[in-house]
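These are the residues of each chain, in order.
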Amino acid sequence: VQLQASGGGLVQTGGSLRLSCAASGDTVSTYTVGWFRQAPGQEREFVAAISWSGGTTHYADSVKGRFTISRDNAKNTVYLQMDSLKPDDTAVYYCSADRSYSPTYIAQPGIYDYWGKGTLVTVSS
């Protein structure tokens, strides 16, 4: 499967953005999809993930209550709705996919076999 993240941009503190992760080459409904982000000089960190069925979601504590992950299998796309954005949310955001679903390891980037190119989100203060 190939993944393409889009929707990044420049937004003020408190604003919103919706990122999209469009899949091609396979049906994304059979994959667990995760969003990660990487700020300059920082390690890649987990943001959110959604099971292949869409029935289970996971969030990093830093975004819980502000970000929402969802999927539209008919459009072969996974979304990340980001509200109440903060300057600390500034990063390149990546979507990833894996055929397995392991709640124990879902926040670890190493379990994801497929990655898209990132999209830059900049939150100004």
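Since the model is a prediction, treat every value here as computed from it, not as a measurement.

A word on the state of the cysteines
A full pass over the atoms with the stated rule returns 1 disulfide. A sulfur-sulfur distance of 2.2 Å marks the disulfide that ties Cys21 to Cys95. For the disulfide bridge between Cys21 and Cys95, the dihedral angle about the S-S bond is near 75°, and by the sign convention the bridge is right-handed. Residue Cys21 is found in strand S3 (residues 17–24), and its partner Cys95 is found in strand S9 (residues 91–98); the two are separated by 74 residues along the sequence. This pair shows no difference in class: Cys21 is buried, exactly as Cys95 is.

Concerning the pairing of strand S1 (residues 2–6)
Alternating residues of S1 divide into Leu3 and Ala5, all buried, and Gln2, Gln4 and Ser6, none buried. As paired elements, S1 and S3 share 5 bridges and run antiparallel to each other. Within S3, the residue paired with Ser6 across the bridge is Ser20.

Parameters and conventions
Residues numbered from 1 in each chain as written. Predicted model: local features only at pLDDT ≥ 70, side-chain atom pairs only at ≥ 80, totals over all residues. Heavy atoms only, no water. Disulfide = S-S within 2.5 Å. Helix = DSSP H or I, 4+ residues; strand = E, 2+ residues; numbered from the N terminus. Buried < 20%, exposed > 50% of the residue type's maximum accessible area, 1.4 Å probe, protein only. Pairing = 2+ DSSP bridges.

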